[in-house]
Amino acid sequence: MLQALSAADAGATPCSVRGMTIDYGNGPVLRSVDFDAAAGSLVAVVGPNGAGKSTLIKAVLGLQPTVAGQTRFWGQSLRQARGRIAYVPQRGAVDWDFPVSVREVVAMGRYRMLGWLRPVSAAHQRAAVEHLDRVGMADFADRQISRLSGGQQQRVFIARALAQEADLYFMDEPFAGVDAATEQAIVDVLRALRAEGKTAVVVHHDLATVRTYFDSLLLLNGEVVASGPVDSTFTTENLQRAYGGRLAFIGGALAPAPGA
Amino acid sequence: MLTGETLRLFVSSLFLQAGYNTVVVVLGVTALGLAAGLVGAFALLRKRAMMTDVLSHATLPGLAAAWLVATGLGASGRSLPVLLTGAAIAAIVAALTVQWLTRAARLPEDAAMGATLSVFFGLGAVLLSYIQTLRTGSEGGLARFILGQTATMSEQDAYVIATAAVVAIIVAVLLEKEFRIVCFDPQFGAAQGWPVALIDLLLMTIVVGVAVVGLQAVGMILIIALMIIPAATARLWTDRLRVMLALSSLFGAASAWIGASLSAALPKAPAGGLIVLVAGAFFIVSLAVAPSRIRASSAEAR
């Protein structure tokens, strides 16, 4: 199961965050976060609005300045590990009116492999289409990206991350506002990644599906409320600590979870 | 104004039959239009159209200061390389000012750009009026940079523009992939390890380079139009980046060619205005006749 990874890091943690603090200047957004993502696990990052979920992912990827703390990937620095890390930003972060095709967006996942000045070769073009096929979007390769539904756009972003052929995936709200077919496609991708021994850290908002989709949980509310296996951490008590009074109406969504 | 003679001059300029000087001007300005259309397409997609305007307006105090320094040292205030160096330095200072106002002073970006543009242009206007009181005889050369005046363009000036255009085209073609990812999704680019700030700097450098060499022909107030209007026109015809880059260059070159020919026939009208009016005409016509499929797809996404 772990044959895709080199023997040297079979025991190393894909992502290990220690003491991370982020402050925009009005008091900390995230305070002293410690967190580990184990190899071959699917980790849900959950918490109320403004809990710092996206901020944490961006900080881990070096897109957001931190006040304190460090992140190691398989024991290495971000610079050393960059080529093994893939990223799915929030869909709303880009201009979908941009003049590119679906294939061209997915090919952006290969840019790092290409390096400076090299154009996208035919082989990388084909790889882009193969990764589109994994999310059921190969037929849309030549379409302009604005002429896609929201769910299809999300699948293009997932395909672009797959095209990075990484070992560790960070996804920011991939399930937000998508149709049932897209949700299933993303779940299939996550399970396939886990089967290959790869790791995904996913910002997630739907408490009802945490238990079915994920193995581990990182519950945030400006700091770590709980982290660990879903079975032991996804409890009403922890959720109440993270969401406070707002859990009352969320309770219905928790019905399938024992103890809720 | 629109006499048969004017028309004859326009047509002969258009077909490069109006004498050596006019041919130099028309070809020089056309090279500028080509480069402006190309870099303008990237500036538009990076949502830096306003920034381009700030940088071009900010060249005025640089031109004036360069003139003062050159004249003070006993050199000619008419030397184009000296004036354009001053212009480029002022544009860079303006870019840093905008960055400082948004980061350190926490001003919204549009306010920072508005303040920088007007303060720099105001400073330039004051320096210019001071220079005009000196009555050295060479101060008349500066005012042409505001609205553009192609008639004074020498063969050497045309070569400067052509060189800058070739450099801009080479950079844009070589870095098309890097500019593409930074324009479309800078966060994803940064997460892959691309130095987004450096790539942005390269992009703004070629924008400033083209704007500065274009000051003489089109003028600082209107150079933004020669960058942005061809790009916006090209976008109406295609939803592929490479095609858009080619079309934008083509619309920029055609606007400049026709505009410079008009300018040769109407020497009293500012060249920049004529060129921009031609670019605007291409845009209006494209809006009416470009395939509705592309525009519909753009509207859908909003």
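Within any chain, residue numbers begin from 1 and follow the written order of that chain's sequence. Think of it this way: whatever chain is written first is A, whatever ligand is written first is 1, and the rest follow in order. pLDDT decides what is reported in this predicted model: residues at 70 or higher carry local features, side-chain atom pairs at 80 or more are listed and counted, and totals for whole chains, interfaces and linings draw on all residues regardless. Hydrogens and water molecules were not included; the side-chain quantities draw on all heavy atoms of the structure.

Caption draft 1: Quick look at the interface of chain B and chain A. Any two residues having at least one pair of non-hydrogen atoms within 4.5 Å are treated as being in contact. At the interface, 33 residues of chain B touch 35 residues of chain A. By definition, the buried area sums, over both parts, the 1.4 Å-probe accessible area that each loses when the two are put together. Here chain B and chain A share an interface that buries about 3200 Å² over both sides, 60% of which is from carbon and sulfur atoms. Within this document, salt bridges are pairs made up of a side-chain nitrogen of Lys or Arg and a carboxyl oxygen of Asp or Glu, the two lying within 4 Å of each other. Our count for the chain B to chain A interface comes out at four salt bridges. A salt bridge links Arg-235 of chain B to Asp-97 of chain A; the shortest N-O distance between them is 3.6 Å. Nitrogen and oxygen atoms within 3.5 Å of one another constitute a polar contact, given that in protein one can donate a hydrogen and the other can accept it, and given that sequence-neighbouring residues count only through two side-chain atoms. For the pair chain B and chain A, the interface holds 14 residue pairs in polar contact (both at pLDDT 80 or more). Taken together, the elements giving at least two residues each to the side of chain B that touches chain A come down to helix H9 (176–184), helix H10 (186–191), helix H11 (196–218), helix H13 (241–265) and helix H15 (292–300) of chain B. Tallied by class, residues from the side of chain B that touches chain A come to 16 nonpolar, five polar and twelve charged. Under the DSSP-based scheme used, a helix requires at least four consecutive residues in state H or I and a strand at least two consecutive residues in state E, with every element numbered from the N terminus. Only Asp, Glu, Lys and Arg are considered charged, only Ala, Val, Leu, Ile, Met, Phe, Trp, Tyr, Cys and Pro nonpolar, and every remaining residue, Gly among them, polar.

Caption draft 2: Main features of the sheet that holds strand E1 (residues 15–23) of chain A. Residues and elements named next belong to chain A. If you walk across this open sheet you meet the three strands as E2-E1-E4, and the pairing is antiparallel. Bordering the open sheet on either side are strand E2 (28–37) and strand E4 (68–72), each of which pairs with just one other strand. Averaged over all pairs of adjacent strands, the angle between their axes in this sheet comes to 15°, without regard to strand direction. Pairing of E1 with E2 involves six bridges; the strand directions are antiparallel. Opposite Ile-22, over in E2, you have Leu-30 as the bridge partner. Here the rule is simple: two strands pair whenever DSSP picks up at least two bridges between them. Helix axes are fitted only over the stretch in contact, all axes being lines through C-alpha atoms; the angle between N-to-C directions runs from 0 to 180 degrees.

Caption draft 3: Quick peek at the packing of aromatic side chains. Stacked, edge-to-face and tilted are the three classes for Phe, Tyr and Trp ring pairs, Trp counted by its six-membered ring, which pair at centre distances within 6.5 Å; planes under 30 degrees apart are stacked, over 60 edge-to-face, the rest tilted. The tally for this structure, following the rule as stated, stands at eight aromatic pairs over all chains. With centroids separated by 6.3 Å and ring planes inclined at 90°, the aromatic side chains of Trp-96 of chain A and Phe-184 of chain B adopt a geometry described as edge-to-face. Within this pair, whereas Trp-96 of chain A is found in the loop between strand E5 (85–88) and helix H3 (102–107), its partner Phe-184 of chain B is found in helix H9, the two belonging to separate chains. Between buried and exposed lies partly exposed: a residue is buried under 20% and exposed over 50% of the maximum accessible area for its type, with that area taken using a 1.4 Å probe on protein chains only. In this structure Phe-184 of chain B comes out as buried when scored by relative accessible area, which is 2%. Centre to centre, the rings of Trp-116 of chain A and Trp-194 of chain B are 5.3 Å apart; their planes meet at 80°, and the pair counts as edge-to-face. On the criterion of chain membership, the pair formed by Trp-116 of chain A in the loop between helix H4 (111–114) and helix H5 (122–134) and Trp-194 of chain B in the loop between H10 and H11 is interchain, its members lying in two chains.

Caption draft 4: Quick peek at the layout of surface pockets. Residue and element names in this part refer to chain B. The way it works is a 1 Å grid over only the protein atoms, where trapped points that fit a 1.4 Å probe form a cavity and open points with protein on both sides within 12 Å along at least five of seven lines form a pocket, and then any residue with an atom within 4 Å of a point lines it. Grid points are joined across faces, edges and corners, and a volume is the space filled by probe spheres set on the points. Put simply, the largest pocket is a space of about 940 Å³. Arg-48, Gln-99, Arg-103, Asp-200 and Met-204 are the residues nearest the centre of the largest pocket, which is lined by 26 residues in total. Sorting the residues of the lining of the largest pocket by element identifies helix H3 (49–57), helix H5 (80–103), H10 and H11 as the ones contributing at least two each. Per-element tally for the lining of the largest pocket: the top contributor is H5, with nine residues. Residues of the lining of the largest pocket, tallied by class, amount to 15 nonpolar, five polar and six charged. Considering only enclosed or pocket space, the second largest pocket measures out at about 310 Å³ in volume. Lining the second largest pocket are 22 residues, and of these Gln-149, Thr-150, Ala-151, Ser-263 and Pro-267 lie nearest its centre. If you list the elements that add at least two residues to the lining of the second largest pocket, you get helix H2 (20–45), helix H7 (140–147) and H13. No other element matches the five residues that H2 contributes to the lining of the second largest pocket.

Caption draft 5: Representation of the sheet that holds strand E6 (residues 168–172) of chain A in the model. Residues and elements named next belong to chain A. The strand order across the open sheet built from six strands is E5-E6-E7-E3-E8-E9, with neighbouring strands paired in mixed fashion. The open sheet has two edge strands with one neighbour each: E5 and strand E9 (224–229). Averaged over all pairs of adjacent strands, the angle between strand axes in this sheet comes to 10°, irrespective of strand direction. Strand direction decides the pairing type here: strand E3 (residues 42–46) and strand E7 (residues 199–203), joined by four bridges, are parallel. Bridge pairing in E7 places Ala-44 opposite Val-202.

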